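Listed below, chain by chain, are the residues.
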Amino acid sequence: MDTVTSVKRLPLGMNTFKQIIEENYVYSDKTKFVYDMASAGKSYFLSRPRRFGKSLLLSAFEALFSGPPDPDGPPHGLFKDLWIGRNSDYDFTMTYPIITISMAAGTKSPDELTLFLATALSDINDKEKLNLTLTIPNIDLRRIIEKLSEKYGKGVVVLIDEYDAPVSDNINNTELALKNGEILKDFYSGFKDTDKFLRFVLVTGITRYAFMGLSAGLNHLVDLTLNDNYSGIRGFTLSEFDECFSEHLPILLRNMKQNSTVSNETTLSDLRDIILKYYDGYSWDGKTMILNPISILNMFNESFFSRYWIQTNPSIYFLSKIAMENPLSLLGEESEKISTRTLSQAEVGSLGPIPSLFQTGYLTIDQVTHDADRFRVFTLKIPNLEVKDNNLFIFQRYLFNFLGREPAIEKNLFHDAIRNRDDGKLSRIINSVFASLPAERHDDRESCYHKILYGYCHKFGRIVTPERKGAIGDSDPLVIFSDGLYAAIELKFDIGQSIPGQERLVARLAKMALSSIDAKDYWRPYQAEAKELVKIGLGVSWRGQCLALIGNEEKN
């Protein structure tokens, strides 16, 4: 990217608030949230996916509670040009003792975690010259809080980053995760009965895990995760994106045209829309849309679209495990509603796929409604193209591993069956694909088979579907092969009444599907460019039994 002196630099890999402000890096002003929380003086918990700026938020609080960096400078110091400095009555001269602990240190084994906690407390004891004899971490934590408050005559500020990392980083090893979880629960119990010594507490993490004992140790811990008032606390909202990157966008457009990422006809408005498709769409209230900060910063830096957040997120094994247990969950939840209790599921070792995918950022909230008892219920979606592309990759890897054939070979089989109008061969291929769904997941919803079909066909060519909100594959696809063969597919599903009648049922459904394709208009704009357009009706019934009927040949 071009270096322009008037354009703020990109804070890639930076989580230190003081450095970002003093050295004029891009910063999305979140200090209205900081003021509201600091003024209330409560104990807070915030869950957000990895690489969404939680560490930077904690750093801003650390800077605020440390007082002005220059005793001879303005009292509002780093905050003078931010919302809190311009619009609030906050007393920036106040300083407080601060305990900062980051659990994102890569501890894996229980022994490593125990040593890490002991070392972190020892460092605080030495730095503050408390002269305590340390013995057991949870007791030591309580004594350090009490001693700091006594030493300074003020409440203590406690900032804990990635509080659950020793568990989340080992989620594929249940035994290890449970052992680390027990150590953390014991450690966090040290907060019990320390309320009177505390000024402010903020704990961040990825997953809830019943707050790993935090809710028992800290009275009145306020969970901001699904609080509508704090839905925009991390990441870039649309207005923040426009404000922070208005000067960067023309440079990005020029660079992307030069490297052929976009066409020469692309406008600034076009580019903004493309960026939103790739990296926007996260939401914790169904209304406020958030762009992924790490992806946005890397995209502006490199002038290419890529899966930046995915590449920095050690999730491949986690997602592969979910694919084995419930592959369809990777393609998004259908229209069914998810309760707050389910969405916030927190049991280590039995965390369901949907809560796991939501808490780690692979699913997000699309809509919030209420049930008959006025409790909130959530409809989820895949947030954007970056995550969709990644989830499809994991799903397809599972699918083709099950089929036992290389994708290139499978593509030839599928393509040739369509081109040769071989109904029987195509039926056998799709039956084997549907059989890849684990038996316990055959809940006989039409959307299940749409998803599998979409994930399968997506590996072979460009997919066109009607524009709909919702999960991947919730409508019938038009598959565009590279050689100009276009396949318009309609799927009709019925659970049926009995196994002996399945063959007649799927035949009837396939005929209905084939006859209804012409009623669909999503494929018509592509008819002129297709060298060959083939219409395929799929009849699907109990446990994915399928019959394919291929319509008459249409060539231009």
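Look a little higher up for the structure.
The structure reproduced in this document is the subject of the present report. (Residues numbered from 1 in each chain as written. Predicted model: local features only at pLDDT ≥ 70, side-chain atom pairs only at ≥ 80, totals over all residues. Heavy atoms only, no water.)

Time to look at the overall build of the protein. Across its full length, the protein carries 22 helices and 16 strands. Here the protein holds 556 residues, and the buried ones make up 54% of them. Sequence separation of at least 24 residues holds for 70% of the intrachain contacts in the protein that already meet a minimum separation of 6. Per element, the accessible surface of the protein, about 24,400 Å² overall, is 49% carbon and sulfur. (Helix = DSSP H or I, 4+ residues; strand = E, 2+ residues; numbered from the N terminus. Buried < 20%, exposed > 50% of the residue type's maximum accessible area, 1.4 Å probe, protein only. Contact = heavy atoms within 4.5 Å. Areas by Shrake-Rupley, 256 points an atom, 1.4 Å probe, with all protein chains shown as cover.)

Estimates place the volume of the second largest pocket at around 680 Å³. Lining the second largest pocket we find 24 residues, and of these Lys8, Tyr27, Asp29, Asp81 and Leu82 sit closest to its centre. Secondary-structure elements contributing two or more residues to the lining of the second largest pocket are helix H1 (17-22), helix H2 (31-40), helix H4 (83-87) and helix H10 (238-245). In the lining of the second largest pocket, the residues fall into ten nonpolar, four polar and ten charged. (1 Å grid on protein atoms, 1.4 Å probe; cavity = no way out; pocket = protein on both sides within 12 Å on 5 of 7 lines; lining within 4 Å. Points joined across faces, edges and corners; volume = space filled by probe spheres on them. Nonpolar A, V, L, I, M, F, W, Y, C, P; charged D, E, K, R; others polar.)

Another point: unusual backbone geometry. In this model, Glu162 sits at a positive phi of 50°, which is unusual for a non-glycine residue. Counting through the fold element by element, Glu162 comes out in the loop between strand S3 (156-161) and helix H7 (165-168). Under the relative-accessibility criterion, Glu162 is labelled buried at 7%. Although it is not a glycine, Ser303 sits at a positive phi angle of roughly 65°. Along the chain, the position of Ser303 falls in the loop between helix H13 (293-302) and helix H14 (308-311).

Attention now goes to the nonpolar core. In globular proteins that are soluble, nonpolar side chains generally tend to be buried together. In this structure, Leu380, Phe414, Ile418, Leu426, Tyr456, Ile536 and Leu538 are the most contacted members of the largest nonpolar core, which totals 67 residues. The element that contributes the greatest number of residues to this core is helix H18 (residues 385-403), accounting for eight residues. With residues near it in sequence (within four places) discarded, Ile418 still touches Leu426, Phe481, Leu485, Ala487, Val534, Ile536 and Ile550. Within the second largest apolar cluster, 35 residues are counted, among which are Phe65, Phe79, Phe92 and Val157. (Core = buried A, V, L, I, M, F, W, Y, C linked by side-chain atoms within 4.5 Å.)

Let us look at helix H19 (residues 407-419). In a regular helix each residue adds 1.5 Å, so 13 residues correspond to 18 Å; H19 covers 18 Å between its end C-alpha atoms and thus fits that length. Residues of H19 that are buried sit in contact with H18, helix H20 (423-434), helix H21 (446-457), strand S13 (485-493), strand S14 (532-540) and strand S15 (546-550). The positive-phi residue at the C-terminal boundary of H19 is Arg421, with phi of around 55°. (Expected span 1.5 Å × (residues − 1).)

Time to look at the side chain of Asp140. Summarising the element assignment, Asp140 is placed in helix H6 (residues 137-152). Among all residues touching Asp140, those that are not within four sequence positions of it are Leu121, Thr133, Leu134 and Thr135.

Spatial ordering of the open sheet is given by S2-S3-S4-S1-S5, a layout of five strands whose pairing is parallel. Two strands in the sheet have a free side with no partner beyond their single neighbour: strand S2 (98-102) and strand S5 (222-223). Pairing between S2 and S3: five bridges, direction parallel. Across the sheet, the residue bridging to Ser102 is Asp161, located in S3. In the packing of H2 onto the sheet, contacts are made with strand S1 (43-47) and strand S4 (198-205), and the angle to S4 comes to roughly 135°. (Pairing = 2+ DSSP bridges. Axes fitted to C-alpha atoms, helices over the stretch in contact; angles between N-to-C directions.)

This brings us to empty space enclosed by the protein. Taken as a whole, this structure holds two cavities of 30 Å³ or more when the rule is applied. Looking at the largest cavity, its volume works out to about 50 Å³. Its residues placed into classes, the lining of the largest cavity shows eight nonpolar, three polar and no charged. By volume, the second largest cavity amounts to about 30 Å³.

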